[in-house]
Amino acid sequence: LQALLGDRGGIVTVLETMRAHRAVAGVQAMSCWALVNVCSGDDAEGRARKQRAADAGAIEAIAAAVQAHPQVADVQQFGCRALVDVCIGTDAAGFARIQRAADAGGIELAVAALQAHPQVAGVQQRGCRAMANVCLGTDAAGLARKQRAAAAGAIEAAAAAMQAHPQVAGVQGQGQRLRDLLA
């Protein structure tokens, strides 16, 4: 799938599909999942695919999908995971993508996903991970994102996720990572 969609044309096709079918939750969920698959990997090719996706508007398309379908768990789960995979990176380009996700409302959308789907472990895990990744950074922008997440209820949402899913290691790990990051 990475070979098929990883070039700019494939990514653009996924994003055009998302834009053309905004009201169709299944299209949004599967398109987010396609972006997860295309943007995975932390080697040079993976970082290049993440940047191509961001340059084509993937971050905003993911945020629009999550915002348009708040009651659809698959859109929330796959959208949060797609934000992670498109944005992750600790180089300058990665931090620019992270800030772009915050500017697109990624923090608030992830908190809303956790609040809307408290019994869906996948949403809880990926929502906590998305917020933690968007809150990375020790510069002024990173600190501002952390404050914004705390003000949006991220700490409470992570605690509720961990309480609701005590036996799910992924929820426990990502929830604690987010809580530690915001402490």
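Please refer to the structure placed before this passage.
Here the residue numbering is sequential within each chain, running from 1 through the sequence in written order. Two thresholds apply to this predicted model, a pLDDT of at least 70 for residue-level local features and 80 or more for giving and counting side-chain atom pairs, whereas whole-chain, interface and lining totals are computed over all residues. Where side-chain values are given, they derive from all heavy atoms of the structure, hydrogens and water being excluded.

1. A few points about the layout of surface pockets
Then, number 1: Put simply, the largest pocket is a space of about 200 Å³.
Then, number 2: Around the largest pocket, the lining is made up of 15 residues, and of these Gly41, Asp42, Lys50, Ile88 and Gly89 lie nearest the centre.
Then, number 3: Only DSSP runs of H or I covering at least 4 residues are called helices, and only runs of E covering at least 2 are called strands; the numbering of each starts at the N terminus. For the lining of the largest pocket, the elements supplying multiple residues, two or more each, are helix H4 (44–55) and helix H6 (73–87).
Then, number 4: The element that contributes the greatest number of residues to the lining of the largest pocket is H6, accounting for 3 residues.
Then, number 5: Residues that form the lining of the largest pocket fall into these classes: 3 nonpolar, 4 polar and 8 charged. Cavity means a closed set of points on a 1 Å grid over the protein atoms alone, one where a 1.4 Å probe fits but cannot get out, pocket means an open set with protein on both sides within 12 Å along at least 5 of 7 lines, and lining means a residue has an atom within 4 Å of a point. Grid points are joined across faces, edges and corners, and a volume is the space filled by probe spheres set on the points. Only Asp, Glu, Lys and Arg are considered charged in this grouping, and only Ala, Val, Leu, Ile, Met, Phe, Trp, Tyr, Cys and Pro are considered nonpolar; every other residue, Gly among them, is considered polar.

2. A look at the pattern of salt bridges
Then, number 1: The term salt bridge refers to a side-chain nitrogen of Lys or Arg lying within 4 Å of a carboxyl oxygen of Asp or Glu. As enumerated under the stated definition, the model contains 3 salt bridges in all.
Then, number 2: Note that arginine 81 is salt-bridged to aspartate 85, the shortest N-O span being 3.5 Å. Separated by 4 residues within a single helix, arginine 81 and aspartate 85 lie in helix H6, roughly one turn from each other. Considered together, arginine 81 and aspartate 85 belong to a single accessibility category, that of buried residues.
Then, number 3: Of the charged contacts in the structure, one is a salt bridge between glutamate 108 and arginine 148, with a shortest N-O distance of 2.7 Å. Residue glutamate 108 is found in helix H8 (residues 106–116), and its partner arginine 148 is found in helix H10 (residues 140–152); the two are separated by 40 residues along the sequence. Only protein chains enter the accessibility calculation, which uses a 1.4 Å probe; a residue whose area is less than 20% of its type maximum is buried, one above 50% is exposed, and one in between is partly exposed.

3. What to know about the side chain of glutamine 124
Then, number 1: By the element assignment, glutamine 124 lies in helix H9 (residues 121–134).
Then, number 2: Given the relative accessible area of 2%, glutamine 124 is considered buried.
Then, number 3: Under this definition, polar contacts are N or O atom pairs within 3.5 Å; protein pairs additionally need one hydrogen-donor-capable and one acceptor-capable atom, and for neighbouring residues in sequence, both atoms have to be side-chain atoms. For glutamine 124, the side chain forms a polar contact with the main-chain oxygen of histidine 117, separated by 2.7 Å.

4. Notes on the packing of aromatic side chains
Two measures describe an aromatic ring pair: the distance that separates the ring centres and the angle between the ring planes.
Then, number 1: For this analysis, a ring pair means two rings from Phe, Tyr or Trp (six-membered ring only for Trp) whose centres lie within 6.5 Å, classed as stacked if their planes differ by under 30 degrees, edge-to-face if by over 60, and tilted for the remaining angles. This structure, assessed with the given rule, holds 1 aromatic pair.
Then, number 2: Centroid distance tryptophan 33 to phenylalanine 78: 5.0 Å. Interplanar angle 45 degrees. Geometry classified as tilted. Remark: phenylalanine 78 occurs in helix H6 and tryptophan 33 occurs in helix H3 (residues 25–39); sequence separation between them is 45 residues.

5. What to know about H8
Then, number 1: Burial in H8 covers these residues: Gly106, Ile107, Leu109, Ala110, Val111, Ala113 and Leu114.
Then, number 2: Contact criterion: two residues are considered in contact whenever any of their non-hydrogen atoms come within 4.5 Å of each other. Among the structural elements, helix H5 (58–68), H6, helix H7 (92–103), H9, H10 and helix H11 (154–164) are those in contact with the buried residues of H8.

6. Section: H7
Then, number 1: Given a rise of 1.5 Å per residue, 12 residues ought to cover 16 Å, and the 16 Å separating the end C-alpha atoms of H7 matches this to within 8%.
Then, number 2: Buried within H7 we find Gly94, Arg97, Ile98, Ala101 and Ala102. For H7, the angular spread of the buried residues around the axis is 145 degrees, confining them to a single face. For H7, the exposed residues set more than 90 degrees away from the buried face come down to Ala92 and Asp103.
Then, number 3: If you follow the buried residues of H7, they end up packed against H4, H5, H6, H8, H9 and H10. Take the residue count of a helix, subtract one, and multiply by 1.5 Å to get its expected span. The arc in question is traced by the directions running from the helix axis to the C-beta atoms.

7. Quick word on the packing of H6 against H9
Then, number 1: In this analysis an axis means a line fitted to C-alpha atoms, helices contributing only their contacting stretch, and an angle means the value between N-to-C directions, from 0 to 180 degrees. Their axes nearest at 8 Å, the elements H6 and H9 cross at an angle of 30 degrees. Considering the angle they form, H6 stands roughly parallel to H9. Two packed elements cross with a definite hand, and for H6 against H9 that hand is left-handed. Mapping the contact onto sequence places Ala73, Gln76, Gln77, Cys80, Arg81 and Val84 in H6 and Gly122, Val123, Arg126, Gly127, Arg129, Ala130 and Asn133 in H9.
Then, number 2: Tallied by class, the residues present in the contact of H6 with H9 amount to 5 nonpolar, 5 polar and 3 charged. Orientation categories follow fixed angle ranges, with anything under 35 degrees roughly parallel, anything over 145 roughly antiparallel, 65 to 115 roughly perpendicular, and all other angles oblique. A crossing counts as left-handed when the near helix is turned anticlockwise from the far one by less than a right angle, and as right-handed when that turn is clockwise.

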